[in-house]
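# Overview (structure and organization)
Residues per chain, in single letters:
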Amino acid sequence: MSPVLFWAFTLLMLAFGVSVILNRNPVASALSLVGSFLCLASLFVGLDAFFIGVIQVLVYAGAVMVLFLFIIMLLDLKAEQRRRFNPIALVGGAAVSGAFVAFLLHVLKSFPAGSRAFPNLGVERLDDVRLVGFALFNHFNLPFQTVGVLVLVASIGVVVLSRRELK
Amino acid sequence: MQTLTLNHYLLASGLLFSLGFAGVMLRRNIITIFMCLELMLNAANLSLVAFSRFHVGTDGLPNYNAQVLVFFIITVAAAEVAVGLAVIVALYRARQTTHVEDLQSLKF
Amino acid sequence: MLTTLLLVPIVTAIALLLGFGNRSWAKASALVQLALTLFVWSGYDQTLGGYQFVSASEPLFAGLDLRFSLGVDGLSLLLLLLTGLVTVAAVWMSPKIEKRANLFDGSVLLISAGAAGAFLAKDAFFMYAFHELALIPTFLLIGYWGSGERQNVAWKVTIFLAVGSIVLLAGLVDLYLAIPAALRSFDLQKLQEVAAQHLIPATAQVRPWLLLTAGFGILISLFPFHSWAAPAYASAPTPVAMLHSGVLKKFGLYGIIRLVVPFLPEAFKQPVWGNCTAQDLLLGLLLCNILYIGLVTIAQRKLDYVIGYSSVMHMGYVFLGIASMNLIGLSGACLLMFSHGLSVAALFAVSGAIREREGSLNFERLGGAAKAVPYLAICFALATFASIGLPGFSNFASETLVFFGGFQNGASTFLKTATILALWGVVISAVYMLRAYKAVFLGEKTTAAAKWTDLDGSARFALAALPLALLLAGFFPQYFLGYLKPTLEAALR
Amino acid sequence: MEFLPWLILLSPLASAACILLFAHRSKALSVTLSLAAVLTAFGATVALLAAGSQTVASSVTWINLGPALHLTIGLKVDALTRVMLLVVTGIGALVHIYSTVYMAEDEGKSRFFGSLSLFMFSMLGIVLADSLTMIFIFWELVGVSSFLLIGHWFTKESAAKAANKAFLTNRIGDFGFMSGILLVWAATGAVGFDAVQQNMAKLTANPALLTLAALCLFCGAVGKSAQVPLHVWLPDAMEGPTPVSALIHAATMVAAGVYMLARLFFLFAPSPDALTVIAAIGVVTALLAALMATQQDDIKRILAYSTLSQLGFMVAAIGCQAPGSAMFHLFTHAFFKALLFLGAGAVIHGLHHEQNIWKMGGLRKTMPKTFLTFAIGTLALTGAPFLAGFFSKDAILLAAYNKGPLFFFPLLLSAVLTAFYMTRLVVVAFFGEAYHPTGHGHSKDHGHDGPAAMTVPLLILAALSVIAGYGFFAEPIFGHDLFHTAHSLATFSAAGVLEYVDAPHVALVPMLAVGAFVLGTLGAWMLYSGKAKDPVRIPLFANRFYIDEAYAALIAGSQEMLASVSDWVDRYLIDGVLVRGIAGLTWGTGYALRLLQLGNIQGYAFIFGAGVVVLLFLLNK
Amino acid sequence: MFAPITLEILVLVLGFALLLAESFSNAPSKRALPKIALFVLAWVFAFSFFTAPAPDTVEPGSFWNFYSASPISMMFKRIALLTTMGVLVMSLDYESTLAKFIPSSRPGAGTGEFYILPLFTCAGLMLMASATDLVMAFAALELVTISFYVQVAYMRSNSASLEAGIKYLILGALSTGFFVYGLTWVFGLTGETHFDKVALKLAALENSDTAILFALLLVLVGLGFKVAAVPFQSWVPDVYQGAPTPVTAFLSVGSKAAGFLLLLRVLEPFLGVSSIQPKVLAVLGTMAGATLIYGNLAALPQNNLKRLLAYSSIGHAGYLLLAVASVGATVTGFGAVGTTIGFYLFAYLLMTVLGFLVLTAVSTQTKGEEIQHFNGLSKRSPFLAFALLVAMSSLAGVPLTAGFYGKFLVFAHAVNAQLWVLVGLGVVTVGAGFYYYLRVVAAMYWYEPTDTAPIHVSSLSKAVMALLVVCIFVFGVNPRPILSALQGAPAKVAAAH
């Protein structure tokens, strides 16, 4: 991936991220989130992870966002009215996040592998879906089954929690 | 512009993670908080994919273990969101609110 | 045999707690316990010495010599006898309980069982564990049936003792770990042999010494950890005060003689702070116990507090015997544990009986009771005489030994000075005990006292057994010392 | 032979135990047991005396811890013991007999005789003891029996107080005694008298230690024999029944201190400093007590102070290196002082517990036998020539004379005062007119002699008071050697052996003694004859130099104040600040910590994040 | 002999079967579900003693790459099974309360899933106990977490339950975020996900200490959240208080147990890096100290028993962390730290389940969970009072109860590791523990009841309580069965030091 594209998508992604936080209207936040995730998907593609990039778009932009928007609409949520940030929370939150970033920079600086460029791939074309699928269904079978149960539990949960009283 | 290194991606991912984290601490609307949590998980995904690409195996392929993990993370995140939103719906029905400051009856 | 001895009170207590039976069950259990103790005593071969009647389970931990094992040697036998005697007296002297009598009696038996278990255990871990069996029953008994600020006191004593136990636990482990790995064991008999090899370097002995002394010290009410004792005994129902001050408190001293003396003898000579050696530290603290607490006792104006504080004070003498680290002093300390247990139990028994009659133990409301309740007065007088160390009672023999121990060859100047100062404590104890005796039993008779009824029935025998045992041991201390000597010699080896 | 001492020792113990355990419900049985015990002891003593003068010793183990410590209960009968045995059992027997009447109506009669038996046991134990520890054991036990007997009428506040006071004062002395024993044991490794004597070299090698040990041991005697400054208990002890005062607080127990000093004289002799202190204490006691006695109105108290004063003489004699004289005086004093107390008891008994001499008067007529015996006792005490007291007091004065004028003249003055106060007592109580509250006429029942059980002991004692000083009577009892030492001084030879050298006999001393008797007697006679109330008032003497008050203030100021301070410290500093402080701090911390739990999700997230940052910081430190 | 994974499969199959049965049955009462589940789980528990060991060689693609059947794993599986059974018994008692907060026309409707979800949680816990791979650990952990989200918020017309659900959800997701980010870094540093391979790679890494520590810390955050370690404990009191009582018990035992086992597994590779070991231990020690203090001291002023137990649960996490922080010391003779933690948690299981059983029974009837609702319980229901007395004594660490051995071993390790400051804190907190546990005892035994009607308890609950009481005493005297089950073979975790 060319650095230009990287910087463009990264900055856009972060900008959308900031927008998620700053928007008072949940709908706007949700849409910003979609934007951020689309940029992220582009970065994935740039890292030769095409399948994951596609999944990212499908699952997040396609499913999760719809879910968010759906709930926002369902509950008919309005924008936060005059609900300003609590200054103490703002300072505290910013300080904690800032400190975290500072530590992160410190870690990155002293991380020897970090300053190395990405090695070249040994193949011309990545048979990426097949490879991921192979790993997933063969080697990672057990965790995969587990995640399947997890999804089942989640759906039971959703049903249980949101079902209406049986009149 | 110099060549892209692993650190570029890690930094991007870290910043996104921090943004999400800051959002969790700052926002009051539970739905927005959930969005911020999604940001954090996706930040992790970005690092993972970068690491996957970085750890090219002897066969010359990216390390797909990481991508499988990303796949799992996306699934789990979706499931979490589903359950979370269900709870929010139940909460809204019971209390007509989605704001965290209305949820302070359990304390001390 | 010993298992039966241990199980009798426990099983009876459980039966009582589950709602079966009544006080006569408790009485029967106490008698059986005493009878079994005497049987064991008679079956113990003094010429052989060492642990007898030993029974042991398989190791409870893989790779760790920790077993459920019981056994008696001369020292534990003596304390077992103390437990048996005091338990009988405690059960018989229990006040009439209106509410939930079975819970009361069951808890009392559990305290006794805890003490008996601690003395019976041939394993350091279970020795520790059984002692705490008494903790919760004590909490319940003081809090529900106590007098005065019973609930505050129950909290205080329970938390104090719990903290003490945990410090002790840390000390126990530290000591255990100080032993070379191949020889580690919880078996007291094996530990005795290990200790005789003196494998712990002198400088490494100080920390476990401090921990164990602090831990046991809290249980024994060593200054400055004493402030639980007097209020606890004052508030506790009669049998609890008797068992706790008479028997249970001896556990700490027993533990010191079992563990600190044999394993950490060098620590006594090691500096802990500047030039102050551990022995000096202990002497300083025990002098506070004797002199300072003695003065505090003088200031008390309630019988139960006087006895309670006096019990704290007398612990100083036992410590003095231990601090001298020789056969004479330790023999005195051990015999004093026995003697003090009996005498303080008798004192609490009588003071409890008076509380039952008067409802208060304030000196201002008492006086001249000897006319109305001569039997109680005589028993109290005998116990008083014993407790102030009059010849004829074994307290005297033991205190004499303690003092001689403090002057034996090689005693440091501070030890000798401390002994002399401790001797002054004998005067102090006479001051407050006689004052208390006079305030309650002598002088003008108060109107209330005139209506009291004296102790009667079988309780008389149960109570009288305590001073009589004291007299017996006072006249023939050698009989008891003969049992103690092998144990103590082994500990000092 | 060997069983006799044991019989002497144990028969009263058996009696006491039987009375405590079985016989306390029957007065008659108690009396019988007690009497039988004391008569057995007396009989055995006589048998022992008759058997000759060799030393008898036997012992059983009490505590044996191998080479480290071996304490025995051992009996040793030598000349010194024989004297004391006779005094104790003899007077004891008489007092027992006397008490059967005196205590006839008392509801605590069984207890009284039980305690009396216990006392006999303890006292005989002191006498027969062969070691320091054993003497200490019985030393304490006489304290207990004395406590029981002084407090016999325990419902009287004053009696209960006096009992406590006696016990505690003695305890203070015993503190010193035990310290001394420990010092001696630490130095010589022995506690048996003989063993200590054999190892004296180890003690004499360190003169300072020896003096310290000697003075510590002497403390025991100070307490038991009521020497200044521990004399305060004895006058108060008169709260006990009078026979008790006669036996314990005049003839036997209080003399135990002197006996002990004589017994351990080998230990004191090498330390001139200790001896000087002992002599000084004795002299001071003799003089102060005599001064106090001159202004007392209570018949028993006068006798009590007199006892104090005479004990001072004896102790002074020890200090003047004349243990034999001390024992001799102890011996004679026992008879006449017992006689005086029993006589006083007869008076009190006859006057229905009237003890104030100013409310007596004229008893000479109503109680002739009592008067006669009392007069003999008084003369013997005051040192009238040819009575027992004359000889023994003379021996002491002689020893004091040899020690120095600082010791001699105060003692002589004491002798004058002795004659003075005793004559005052006799004149006021027995002569003159009988006292009547309204000032004239006779009360209906103004005394009468007691029954035979009371008068016979008086007569026996009166006879003894006359003859006890003569060699024909005393020498067989003392044995030749000991009787001889009564007139000699002890010195410590260069070889480290105790020797007795005949004191240079100064003719002046007996003359001065007679002069003192005459001066005191005449002075008192002239001053008090025919007076209805005391013509002289010296508050300082009457109030015993305010020593009791000073002690009370001292105790209140030191012990009680220290006690209150300690109590305060314990209550507020140790329990309050330390214990409750730690508990409160813990609770408070808990209370504060739970406030972190604000219930706000964002707050929690913040804590979460801050935690991460802090841990990151810690990891990267 | 069964393959160990049969156990998880059986539990899952049971879950599916009951789910189907529930949807197709018309029975008004759902009480049969938990009873069947209990019956089957008991069999599964029995089967767990007859499992085949892991094969010596593991082929690629086999589930053995993710799955361990070491004794300690098996023991934790049993802990999970027993906890689930206890929770099911509790749920039966809790039915009336539960039904009240689930709006429905018929009584009992909507409660079926409440009995079924624990089975899936149980399967997740069992898988977690066996996880030897980061991916597997993540999947199992999330299975557990998500099922807990649902269960905590289950009483959907009870605002406390919902509030607890939201709090748990948000903070749980936050911790998942950190955990995942940490996993990312672990993978990034090593390129591996299996713990053993990670260990090898980590030990070979150079100049990456800062990054390794960063990765470890992020993982620790996620696990610290699960085990309720300070500073990630803040959800615990609120969630425990708001959740349905059986779920609270489940959270308290199951979640903590699996979390600790995972914590040990994760720490092992990191402690293998000698250059960072002291720092890691220091941070663990700090966390242990803070957790001890926070959990035990903040419990002192609590009046709500459930909330009190939540703080106590934090406190116990502190003791367990104290043991974890002691792994650096050399061989002790007390067995490995893993064994200690296993035993501690087993004892904790017994006493906590017992405590919650009584709490459920009493609070259902007295309509309250405050300590004062236990006043005079010893008069109303002596057996319940005695059972709670035993539970509280064991929690406080009175000897001759199972809880004491746990504390004993923990202190032994701490003393061995010379962590004197922490031992000192431990002394203070044990004292505090006695205070707040015995407050319940005091209420039951000292005070008079306001209502003297006896508390009704089903005979099943009673039997379970009796069994637990007996177990607490039996294992309090003889811990050998549990310890040898944990040590069965030289377990890998056991060699964590």
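In this text the structure is predicted, and so the values were computed from the model without any measurement. Residue positions within a chain follow its written sequence, with the count starting from 1. Both sets of labels track the order of writing: A upward for chains, 1 upward for ligands. In keeping with the predicted nature of the model, local features appear solely for residues at pLDDT of at least 70, side-chain atom pairs appear and are counted solely at 80 or more, and the whole-chain, interface and lining totals rest on all residues. Only hydrogens and water are set aside when side-chain values are computed; all heavy atoms of the structure are taken into account.

In this text, helices come from DSSP runs of H or I with a minimum length of four residues, and strands from runs of E with a minimum of two, each type numbered from the N-terminal end. Scanning chain E from terminus to terminus reveals 19 helices and 0 strands. Here the globule rule reads 2.2 Å times residues to the power 0.38, and the radius of gyration is calculated from C-alpha atoms. By the compact-globule yardstick of 23 Å for 497 residues, chain E fits well, its C-alpha radius of gyration being 22 Å. The principal-axis extents of the C-alpha atoms in chain E amount to approximately 70 × 55 × 40 Å. Split into buried and exposed, the 497 residues of chain E put 73% on the buried side. Relative accessibility under 20% of the residue-type maximum defines a buried residue, over 50% an exposed one, and the middle range a partly exposed one, all with a 1.4 Å probe and only protein chains included.

Tracing the backbone through its elements, the reader meets Ser 343 of chain C in helix α15 (residues 327-358). Contacts: residue pairs with any heavy atoms within 4.5 Å of one another. With near-sequence residues (within four places) excluded, Ser 343 of chain C lies in contact with Ala 383, Ala 386, Ser 387, Asn 395 and Leu 470 of chain C.

Each partner contributes to the interface: chain A provides 7 residues, whereas chain D provides 8 residues. The salt bridge criterion pairs a side-chain nitrogen of Lys or Arg with a carboxyl oxygen of Asp or Glu, the two atoms within 4 Å. On inspection of chain A and its partner chain D, the count reaches 0 salt bridges. Think of a polar contact as two N or O atoms within 3.5 Å of one another; within protein, one of them needs to be a possible hydrogen donor and the other a possible acceptor, and neighboring residues in sequence only count if both atoms come from side chains. Between the two partners, chain A and chain D, sit 0 residue pairs in polar contact (both at pLDDT 80 or more). Note on residue categories: nonpolar means Ala, Val, Leu, Ile, Met, Phe, Trp, Tyr, Cys or Pro, charged means Asp, Glu, Lys or Arg, and polar means any other residue, Gly included. Of the residues in the side of chain A that touches chain D, the class split is 4 nonpolar, 3 polar and no charged.

On the chain A side, the residues contacting the 72 residues of chain B number 87 residues. Buried area, as used here, totals the accessible surface that two parts lose on assembly, with accessibility defined by a 1.4 Å probe and the loss added over both. For the pair chain B and chain A, the summed buried area comes to about 7,300 Å², and 78% of that belongs to carbon and sulfur atoms. The largest contributions to the chain B side of the interface with chain A come from Arg 27, Met 35 and Arg 53 of chain B, which together make up 9% of the buried area. For Arg 53 of chain B, the salt bridge is made with Asp 48 of chain A, and the minimal N-O distance between the two is 2.6 Å. Our count for the contact surface shared by chain B and chain A stands at 16 residue pairs in polar contact (both at pLDDT 80 or more). When contributions to the side of chain B that touches chain A are tallied by element, the ones reaching two or more residues are α1 (6-26), α2 (30-54) and α3 (64-95) of chain B. The biggest single contributor to the side of chain B that touches chain A is α3 of chain B, with 24 residues. By residue class, the composition of the side of chain B that touches chain A is 48 nonpolar, 17 polar and 7 charged.

With that out of the way, let us pick up the layout of surface pockets. One simple way to see leftover space: roll a probe sized like a water molecule over the atoms. Lining residues are those with an atom within 4 Å of a point, where the points come from a 1 Å grid over the protein atoms alone and group into cavities, where a 1.4 Å probe fits but cannot get out, or pockets, open sets with protein on both sides within 12 Å along at least five of seven lines. Grid points are joined across faces, edges and corners, and a volume is the space filled by probe spheres set on the points. Taken as a whole, the largest pocket holds about 1,800 Å³ of empty space. Lining the largest pocket are 49 residues, with Ile 378 and Leu 382 of chain C together with Leu 20, His 24 and Arg 111 of chain D sitting closest to its centre. If you list the elements that add at least two residues to the lining of the largest pocket, you get α16 (374-387) and α20 (458-475) of chain C together with α1 (3-21), α4 (109-128) and α5 (132-150) of chain D. The residue makeup of the lining of the largest pocket, split by class, is 35 nonpolar, 7 polar and 7 charged.

A few words now on the domain arrangement of chain E. Residues and elements named next belong to chain E. Domain parsing of chain E yields domain 1 (1-52 + 63-169 + 230-263) and domain 2 (285-497). Contact residues are listed per partner, giving 36 residues for domain 1 and 42 residues for domain 2. Roughly 3,400 Å² is buried in total at the junction of domain 1 and domain 2, and carbon and sulfur atoms are behind 75% of that figure. The three residues of domain 1 that bury the most area against domain 2 are Asp 93, Val 230 and Phe 260, which together make up 19% of that side's buried surface. The partner of Asp 238 in a salt bridge is Arg 307, and the shortest N-O contact between them spans 3.0 Å. Here domain 1 is connected to domain 2 by 11 residue pairs in polar contact (both at pLDDT 80 or more). Where the side of domain 1 that touches domain 2 is concerned, the elements lending two or more residues are α3 (71-100), α9 (235-242) and α10 (245-271). With 16 residues, the single largest contributor to the side of domain 1 that touches domain 2 is α3. By convention here, the domain bounds are inherited from an automatic or database domain assignment.

Another aspect to go through is empty space enclosed by the protein. In this model, the largest cavity occupies a volume close to 120 Å³. Considering the residues around the largest cavity, the lining is formed by 14 residues, among which Phe 403, Leu 423 and Val 426 of chain C together with Phe 136 and Glu 140 of chain D are closest to the centre. Listed by contribution, the elements that provide at least two residues to the lining of the largest cavity are α17 (394-406) and α18 (413-441) of chain C together with α5 and α6 (157-188) of chain D. Of the residues assigned to the lining of the largest cavity, the class counts are 8 nonpolar, 2 polar and 4 charged.

This part takes up the packing of helix α16 (residues 323-350) of chain D against helix α22 (residues 471-478) of chain D. Residues and elements named next belong to chain D. The interhelical angle for the contact between α16 and α22, taken along N-to-C directions, is 115°, at an axis separation of 12 Å. Of the two possible hands of crossing, α16 and α22 adopt the one that is right-handed. Here Met 327, Phe 328 and Phe 331 of α16 lie close against α22, whose contacting residues are Phe 473, Ala 474, Ile 477 and Phe 478. Taken together, the residues of the contact of α16 with α22 sort by class into 7 nonpolar, no polar and no charged. Each axis is a line fitted through C-alpha atoms, taken for helices only over the stretch in contact, and angles between the N-to-C directions span 0 to 180 degrees. We call a crossing left-handed when the near helix sits turned anticlockwise from the far one by less than a right angle, and right-handed when that turn is clockwise.

Moving on to the environment of Ile 36 of chain E. Assignment of secondary structure puts Ile 36 of chain E in helix α2 (residues 32-47). Along the backbone, Ile 36 of chain E and Leu 18 of chain E are 18 residues apart, and their C-alpha atoms lie at a distance of 8.6 Å.

Attention now moves to α15 of chain C. All names here are of chain C. Helix span, expected: 1.5 Å multiplied by one less than the number of residues in the helix. Relative to the 46 Å expected for 32 residues at 1.5 Å per residue, α15 spans 45 Å between its end C-alpha atoms, a close match to the ideal helical length. For α15, the tally of buried residues reaches 30 of 32 residues, placing the bulk of the element in the interior. Downstream of α15 by a residue or two, Gly 359 has a phi angle that is positive, lying close to 90°.

To continue, consider the pairing of strand β1 (residues 52-61) of chain C. Residues and elements named next belong to chain C. When DSSP finds at least two bridges between two strands, those strands are taken to pair. The pairing of β1 with strand β2 (residues 64-72) spans 5 bridges and is antiparallel. Following the sheet pairing, Pro 59 is matched in β2 by Arg 67. The turn joining β1 and β2, which pair antiparallel and follow one another in sequence, is formed by 2 residues; a positive phi near 75° is taken by Gly 63.

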